[in-house]
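Examining the three-dimensional arrangement
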Amino acid sequence: MKNIVVIGAGTMGNGIAHTFAQSGFSVNLVDVSQEALDKGLKTITTNLDRIIAKGNLTEEQKAETLGNIKTFTQLKDAVTNADLVVEAATENQDLKLKIFAQMDEFAPENCILSTNTSSISITKIAAATKRADKVIGMHFMNPVPIMKLVEIIKGYSTSKETFDSIYEMSKTLGKVPVEVNDYPGFVANRILMPMINESIETLYNGVAGVEEIDTVMKLGMAHPMGPLQLADFIGLDVCLAILNVMYDGFKNPKYAPNPLLVNMVMAGKLGVKSGEGFYDYSESKKAEKVAKMFAK
């Protein structure tokens, strides 16, 4: 497999495109607007410059990486010669089903269709296609160029050939693939999201403040960032969407999103991407200032 198509130029999509391109693959990056594509390429360029500054990449390698990426606004044009498509659109089930139906129609017969979904059933996504044996989950972690883990999720009909191919390919990207079965939230988010939700519950019940909760988890549990800061980094809307998928899938009240999370998302307080969540990011992208609503 040499020709890769990545659908979505947002945070995960541009990170995935960056990773494949830096590993020597030819990448077609697809989004609905050229503006989104330009923004994605700008992010990739900035991240490559950071790697150069650390002495881990040359200017020539940066040029080669960027040269490996082409941009498209039409899915049909992008997937003509694809060996693998990685869908990294918004975590919305209806949107993903629509995209997979289109990919199935336009992509070559032998092309593997993968999704970066963090919680939605691979089996359900595969059912939107006529090639369920060639549909698989590739759940990368953010930031993709840095984080080593990739959850490789088998749907009910995913073939061993498809699984083995994607598992080995992940190693060529410098990643550590982990085999996971198809249940809501998989492994990473089935464990992470309840922790984030419980942290929000702890804040909601007035047990402690934002900084105090994050400090306990950072210093007491050796987490690199606190759960409320991490929620802001992921996006509170994404956290809510994943919790809803898990709640719907298991019908277990322990996965029900906290009302504070629901209200924050409805109010547009989504974390870093909106400039405010549990922290205020109007002056810095770092979690240095607690949002006014939670300030003491």
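Residues numbered from 1 in each chain as written. Predicted model: local features only at pLDDT ≥ 70, side-chain atom pairs only at ≥ 80, totals over all residues. Heavy atoms only, no water.

By the naming in an unreviewed UniProt entry, the chain goes by 3-hydroxybutyryl-CoA dehydrogenase and is assigned to Chryseobacterium muglaense. Of the comments in the UniProt record for the chain, the one headed Sequence similarities (unreviewed entry) reads "Belongs to the 3-hydroxyacyl-CoA dehydrogenase family." (UniProt positions renumbered as here; feature names shortened; annotations may be inferred.)

Looking now at the sheet that holds strand β7 (residues 149–154). Hydrogen bonds along the backbone pair up the strands of a sheet, which may run parallel or antiparallel. Spatially, eight strands are ordered β3-β2-β1-β4-β5-β6-β7-β8 in an open sheet, and the strand pairing comes out mixed. Strands with a single pairing partner mark the edges of an open sheet, and in this sheet they are β3 (69–72) and β8 (176–181). Across the sheet, the mean angle separating the axes of adjacent strands is 25° when strand polarity is ignored. Where strand β1 (residues 3–7) and strand β2 (residues 26–30) come together, five bridges link them in parallel fashion. Across the sheet, the residue bridging to I7 is V30, located in β2. (Pairing = 2+ DSSP bridges. Helix = DSSP H or I, 4+ residues; strand = E, 2+ residues; numbered from the N terminus. Axes fitted to C-alpha atoms, helices over the stretch in contact; angles between N-to-C directions.)

Quick look at helix α10 (residues 227–234) now. For α10, the full list of buried residues reads P227, L228, L230, A231 and D232. Buried residues along α10 sit against α8 (188–204), α9 (210–221) and α11 (236–250). Looking at the residues trailing α10, positive phi occurs at G235, about 110°. (Buried < 20%, exposed > 50% of the residue type's maximum accessible area, 1.4 Å probe, protein only. Contact = heavy atoms within 4.5 Å.)

A separate point is the side chain of K96. Locating K96 in the fold gives a position in helix α5 (residues 93–106). Under the relative-accessibility criterion, K96 is labelled buried at 0%. Among all residues touching K96, those that are not within four sequence positions of it are E87, A89, T90, E91, T115, T117, I120 and I125.

Within helix α12 (residues 259–266), the full set of buried residues consists of L260, L261, M264 and V265. Taken end-on, α12 shows its buried residues confined to a sector of 130°, consistent with a single buried face. On its buried face, α12 sits against α8 and α11. The distance from a side-chain oxygen at the start of α12 to the backbone nitrogen of L260 is 2.7 Å, and the residue carrying that oxygen is N258. Looking one or two residues beyond α12, the residue adopting positive phi is G268, at roughly 80°. (Arc of directions from axis to C-beta. Polar contact = N/O pair within 3.5 Å; in protein donor to acceptor, adjacent residues only side chain to side chain.)

One broad trend across soluble globular proteins is that nonpolar side chains are buried collectively. Among the nonpolar cores identified, the biggest contains 31 residues, and I4, F20, V27, L84, M138 and F140 are the most heavily contacted of them. Secondary-structure elements contributing two or more residues to this core are β1, α1 (11–22), β2, α2 (34–53), β4 (84–87), β6 (135–140), β7 and α7 (160–172). For this core, the leading source of residues is α1, giving five residues. For F140, the contacting residues outside a window of four places in its chain are M12, I16, F20, V86, N116, L149, V150 and L173. In this structure, I213, Y255, V290 and F294 belong to the second largest nonpolar core, which totals 28 residues. (Core = buried A, V, L, I, M, F, W, Y, C linked by side-chain atoms within 4.5 Å.)

The UniProt entry lists H139 under the feature "site: Important for catalytic activity" (unreviewed entry), expressed in the numbering used here. Judged by relative accessible area, H139 falls into the buried class, the value being 6%. Ignoring sequence-local partners within four residues, the contact set of H139 consists of T115, N116, T117, S118, L149, V150, E151, I153, A188 and N189. Within the local environment of H139, its side chain forms a polar contact with the side chain of E151, the two groups lying 2.7 Å apart.

Let us now look at unusual backbone geometry. In this structure, the amide linkage connecting N142 to the following residue, P143, adopts the cis form with an omega of 0°. By the secondary structure assignment, P143 is in the loop between β6 and β7. Notably, A222 is not glycine yet its phi reads approximately 60°, a positive angle. Examined against the element boundaries, A222 turns out to sit in the loop between α9 and α10. A222 sits in the exposed class, given a relative accessible area of 64%.

Glancing now at the environment of A231. Within the secondary structure, A231 sits in helix α10. As a C-alpha pair, A231 and G271 span 40 residues in sequence and 7.3 Å in three-dimensional space. Contact partners of A231, with chain neighbours within four places excluded, come to I196, L236, C239 and F278.

According to the stated counting rule, one finds 12 salt bridges in the structure shown. Close ionic contact of K154 with E179 constitutes a salt bridge, the shortest N to O distance being 2.7 Å. Here E179 lies in strand β8 and K154 lies in strand β7, a separation of 25 residues in the sequence. Take K154: its relative accessible area is 24%, and that puts it in the partly exposed class. Overall, the relative accessible area of 45% leaves E179 in the partly exposed class. For E168, the salt bridge identified is with K171, shortest N-O distance 3.5 Å. In this pair, E168 and K171 are both assigned in helix α7, three residues apart and thus about one turn of the helix distant. With a relative accessible area of 43%, K171 lands in the partly exposed category. (Salt bridge = Lys/Arg side-chain N within 4 Å of Asp/Glu carboxyl O.)

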